[in-house]
Amino acid sequence: MKTLTKELWMDIPKRRQIISIHNEVEQLVSQSGVQDGLCLVNAMHITASVFINDNESGLHADYDRWLEQLAPFDAGSDPATGGYLHNRTGEDNADAHHKRQIMGREVVVAITDGRLHLGPWEHIFYYEFDGRRRKRILVKIIGE
Amino acid sequence: MKTLTKELWMDIPKRRQIISIHNEVEQLVSQSGVQDGLCLVNAMHITASVFINDNESGLHADYDRWLEQLAPFDAGSDPATGGYLHNRTGEDNADAHHKRQIMGREVVVAITDGRLHLGPWEHIFYYEFDGRRRKRILVKIIGE
Amino acid sequence: MKTLTKELWMDIPKRRQIISIHNEVEQLVSQSGVQDGLCLVNAMHITASVFINDNESGLHADYDRWLEQLAPFDAGSDPATGGYLHNRTGEDNADAHHKRQIMGREVVVAITDGRLHLGPWEHIFYYEFDGRRRKRILVKIIGE
């Protein structure tokens, strides 16, 4: 069995942003030498997501508006006025913990013939929901 | 290590439909000869999901109504009137890209003693959100 | 290749509750002897989730309130008055099948140097949406 383990560092200057990590993951699969296996890509922080969808900026803006409707940002800590109990810890990012559950923590992608085995439009993204600091993504490849 | 890789082709005549792919996946696990391992099943298209839940038609109708509330179909491209920016690309399927994020891209199922290791009611489904054309599901099995 | 397979039994006295299973999973990784690999943790029942997020009770209460808004409990079976068709089967847990899709069925965690490879705040939880009976979680570890 061959494995490759790599942490990718991100530092997004905005609170929320979608960033392609597709090329980085492709290169790591190539480096790993794995011909047949699985590639796990996950956010190592709990206010961010890794997901696969379309590389289209209009859709990304749609997601952002939609997630803000489903789990609005509110720095307050009173649920009666739209706040979150989590923010009583001194954080203002409770909405980010919710948005990440919709978009997911991780993707697992097959490797076949030494390459990511993806459909025609599948593209791997990192979704930052509480940026402005250094955070990590994990890529773990196993196979042979 | 043993592996099996198989693309299943779907062609759903309706826009949205839930289809069991359980037996197909079970047969592939059996074919693979893997006794102990993992089975990844994922939609290869970004307007469809693979998920595990109940094989009960009432629940499936409930899901459909619920997803339509969370991310309504609208072919328009003006967010102010319920449309999606994504539809400015000429598509009418932005809602499908949203619904798929709720239901998920993939499932990873354990294989034990040569069989899918599932709970009593776990059943594997494909959820098409933008059908009426040929699309693929990937099954990737690794183990020994 | 080494593997470890373990079913964890849960019996939650309430309908809904979030329970840490982090230590149990850590111990199984240690027992497995796997240095480099993947650890799948999934609910074996379709009205429960396994997820990774913050070990903070305020956030857990926020999740519960949020999920109740997205998919309210209603024992009825008439969609026109907030019920679910699924409850015509005699069940009252249709909401639980919906909540579980938001929070997810499973997590896949990397194992590196014989330990779960997690970010600083990642913590593994079981989320019961329809408790008061015995249910199982599966831990499957593969690697070498």
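Within each chain, residues carry numbers counting from 1 in the order of the written sequence. As a convention, the first chain written is A and the first ligand written is 1, with the rest following in written order. Restriction of local features to residues with pLDDT of at least 70 applies here, the model being predicted, together with a cutoff of 80 or more for giving and counting side-chain atom pairs; totals for whole chains, interfaces and linings are based on all residues. For the side-chain quantities, the full set of heavy atoms in the structure was used; hydrogens and water were omitted.

(A) Spotlight on the relation of the copies chain A and chain C. In this comparison the copies share one frame, found by least squares on the C-alpha atoms of residues holding pLDDT of at least 70 in both. Screw-axis analysis of chain A against chain C gives a translation of 0.0 Å along the axis, an RMSD of 0.0 Å, and a rotation angle of 120°. Such values leave the two copies arranged in the relation of a three-fold axis. Considering only C-alpha atoms, the part of chain A nearest the rotation axis is A:Ile102, at 3.4 Å.

(B) Geometry of the packing of aromatic side chains. Stacked, tilted and edge-to-face are the three classes assigned to paired rings of Phe, Tyr and Trp, where Trp is represented by its six-membered ring and a pair needs centres within 6.5 Å; plane angles under 30 degrees give stacked, over 60 edge-to-face, the rest tilted. What the rule picks out here adds up to 15 aromatic pairs over all chains. Here B:Tyr63 and B:Trp66 contribute two aromatic rings whose centre-to-centre distance is 6.3 Å and whose plane-to-plane angle is 40°, an arrangement assigned as tilted. A residue pair is termed a helical-turn pair when its members lie 3 or 4 positions apart in one helix, as B:Tyr63 and B:Trp66 do in helix 2 (residues 57-70) at three residues. Judged by its relative accessible area of 0%, B:Tyr63 is buried. The criterion is that NZ of a Lys, or CZ of an Arg, lies within 6 Å of the ring centre and within 35 degrees of the ring normal, and then a charge sits over that ring. Over the face of the ring belonging to A:Trp9 we find A:Arg134, whose NZ or CZ atom lies 4.2 Å from the ring centre. For the purposes of this entry, the term helix denotes a DSSP run of H or I that reaches at least four residues, the term strand denotes a run of E that reaches at least two, and both are numbered from the N terminus. For each residue, the accessible area found with a 1.4 Å probe, counting protein chains only, is set against the maximum for its type, and the residue is called buried under 20%, exposed over 50%, and partly exposed in between.

(C) Structural context of the confidence of the model for chain A. Looking at chain A as a whole, the pLDDT averages 98, with 100% of positions reaching at least 70. Reported for the predicted complex are a pTM of 0.98 and an ipTM of 0.97. For every residue, the predictor states its confidence as a pLDDT score lying anywhere from 0 to 100.

(D) A look at the interface of chain A and chain C. Contacts are residue-level and defined by heavy atoms, with any inter-residue pair within 4.5 Å sufficient. Across the contact, 32 residues belong to chain A and 35 residues belong to chain C. Between chain A and chain C lies a buried interface of about 2600 Å² when both sides are counted; carbon and sulfur atoms form 61% of it. Two parts placed together each lose some accessible area; with a 1.4 Å probe, that loss summed over both constitutes the buried area. If you sort the residues of chain A by the area they bury against chain C, A:Met1, A:Ile46 and A:Gln101 come out on top, with a joint share of 23%. In what follows, salt bridge is the name for a side-chain nitrogen of Lys or Arg lying within 4 Å of a carboxyl oxygen of Asp or Glu. There are two salt bridges connecting chain A and chain C. Among the ionic pairs, A:Lys140 bridges to C:Asp36, the shortest N-O distance being 2.4 Å. Here a polar contact means two N or O atoms within 3.5 Å. Within protein one must be a hydrogen donor candidate and the other an acceptor candidate, and residues neighboring in sequence count only if both atoms are side-chain atoms. Counting across the chain A and chain C interface gives 16 residue pairs in polar contact (both at pLDDT 80 or more). Among the secondary structure elements, those contributing two or more residues to the side of chain A that touches chain C are strand 1 (2-11), strand 3 (37-43), helix 3 (94-103), strand 5 (106-112) and strand 8 (134-143) of chain A.

(E) Highlighting the pairing of strand 5 of chain A. Residue and element names in this part refer to chain A. For strand 5, the buried fraction is high: seven of the seven residues fall into the buried class. Side-chain alternation along strand 5 places Glu-106, Val-108, Ala-110 and Thr-112 on one buried face and Val-107, Val-109 and Ile-111 on a second face that is also buried. Whether two strands pair depends on DSSP finding at least two bridges between them. Pairing of strand 5 with strand 6 (residues 115-116), which is carried by two bridges, proceeds in the antiparallel orientation. Paired with Ile-111 across the strands is Leu-116, a residue of strand 6. Taking the residues between adjacent antiparallel strands as the criterion, strand 5 and strand 6 are bridged by two residues, where Asp-113 takes a positive phi near 55°.

(F) Structural view of the pattern of salt bridges. Evaluated as defined, the whole model comprises 42 salt bridges over all chains. Across the salt bridge formed by B:Asp130 and B:Arg133, the nearest N and O atoms sit 2.6 Å from each other. Shared partners join several salt bridges into a network, and the residues in it are A:Arg15, A:Asp92, A:Asp130, A:Arg132 and A:Arg133.

(G) Region of interest: empty space enclosed by the protein. Only protein atoms enter the 1 Å grid used here, on which a cavity is any set of points holding a 1.4 Å probe that cannot leave and a pocket is any open set flanked by protein within 12 Å on both sides along at least five of seven lines; residues with an atom within 4 Å of a point are listed as lining. Grid points are joined across faces, edges and corners, and a volume is the space filled by probe spheres set on the points. For the coordinates displayed, the defined rule picks out one cavity of 30 Å³ or more. Considering only enclosed or pocket space, the largest cavity measures out at about 560 Å³ in volume. Along its surface, the largest cavity is lined by 36 residues, and A:Gly104, A:Glu106, B:Gly104, C:Gly104 and C:Glu106 are the ones closest to its centre. Its residues assigned to classes, the lining of the largest cavity shows 21 nonpolar, six polar and nine charged. Residues were grouped as follows: Ala, Val, Leu, Ile, Met, Phe, Trp, Tyr, Cys and Pro as nonpolar; Asp, Glu, Lys and Arg as charged; and all remaining residues, including Gly, as polar.

(H) Structural view of the nonpolar core. Ranked by size, the top nonpolar core spans 48 residues in total, and within it A:Ile102, B:Ile102 and C:Ile102 carry the most contacts. For A:Ile102, the contacting residues outside a window of four places in its chain are A:Trp66, A:Leu67, A:Leu70, B:Gln101, B:Ile102, C:Trp66 and C:Ile102. Nonpolar cores are built from buried Ala, Val, Leu, Ile, Met, Phe, Trp, Tyr and Cys residues. Side-chain atoms within 4.5 Å join them into one set.

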